[in-house]
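Spelled out from the first residue to the last, the chains are:
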Amino acid sequence: CGPLDVYDLEPPSPTPATAFATPYGVALSADGSILLATAAGSSRLASFDASNPASGPLGVLSQPDVGALPRGVAFHSTGATGTLCRRASCTNCDGV
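Note that the coordinates shown come from a computational prediction; the quantities given were computed from them, not determined experimentally.

Enquirer: In this structure, what is going on with the overall build of the protein chain? I would like to understand it.
Expert: If you tally the helices and strands in the protein chain, you get 0 helices and 7 strands. Counting helices and strands in the order they occur from the N terminus, the protein chain gives β-β-β-β-β-β-β. Within the protein chain, buried positions represent 29% of all 96 residues. Look at the contacts in the protein chain between residues 6 or more apart in sequence, and 28% of them connect residues 24 or more apart. For the protein chain, the accessible area works out to roughly 5800 Å², and carbon and sulfur atoms hold 59% of it.

See below:
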């Protein structure tokens, strides 16, 4: 373990189109280059460039609407795709 880095995932002046409300689930790719995070309050899944966290805030790669209440997220073992769960029990999952 090393020092703890804290990043604000909300844009500086959020609008309804960019807000990232109620972060819920996070996943880091095996190589540490991409961070996925769900925002249950905004119905979004965001991907962030985590390849060089020392350079400053994480850059947003994409932030699509994914439907109501996204919860968990995980990368598949191949690292190329992930799974998005809409319920805590992960009974309603989609490949992303």
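Enquirer: Help me understand the pairing of strand S6 (residues 82-85) in this model?
Expert: Burial along S6 is two-sided: Gly82 and Leu84 and Thr83 and Cys85, pointing in opposite directions, are all buried. Bridge count between strand S5 (residues 73-75) and S6: 3 bridges; the pairing is antiparallel. Among the inter-strand pairings, valine 73 is bridged to a residue of S6, identified as leucine 84.

Enquirer: Help me understand the pattern of salt bridges, please; the structure alone is not making it clear to me.
Expert: Inspection of the entire model under this criterion finds 1 salt bridge. Between aspartate 65 and arginine 44 there is a salt bridge; the shortest N-O distance is 3.1 Å. Remark: arginine 44 occurs in strand S3 (residues 44-49) and aspartate 65 occurs in the loop between strand S4 (59-62) and S5; sequence separation between them is 21 residues. For aspartate 65, a relative accessible area of 57% puts it in the exposed group. Assessed through its relative accessible area of 6%, arginine 44 is described here as buried.

Enquirer: Mind showing me how you'd approach the environment of serine 77 here?
Expert: Inspection of the secondary structure assignment puts serine 77 in the loop between S5 and S6. Considered as a pair, serine 77 and alanine 30 are 47 residues apart in the sequence and their alpha carbons are 8.5 Å apart.

Conventions adopted
- Residues numbered from 1 in each chain as written.
- Predicted model: local features only at pLDDT ≥ 70, side-chain atom pairs only at ≥ 80, totals over all residues.
- Heavy atoms only, no water.
- Helix = DSSP H or I, 4+ residues; strand = E, 2+ residues; numbered from the N terminus.
- Buried < 20%, exposed > 50% of the residue type's maximum accessible area, 1.4 Å probe, protein only.
- Contact = heavy atoms within 4.5 Å.
- Areas by Shrake-Rupley, 256 points an atom, 1.4 Å probe, with all protein chains shown as cover.
- Pairing = 2+ DSSP bridges.
- Salt bridge = Lys/Arg side-chain N within 4 Å of Asp/Glu carboxyl O.

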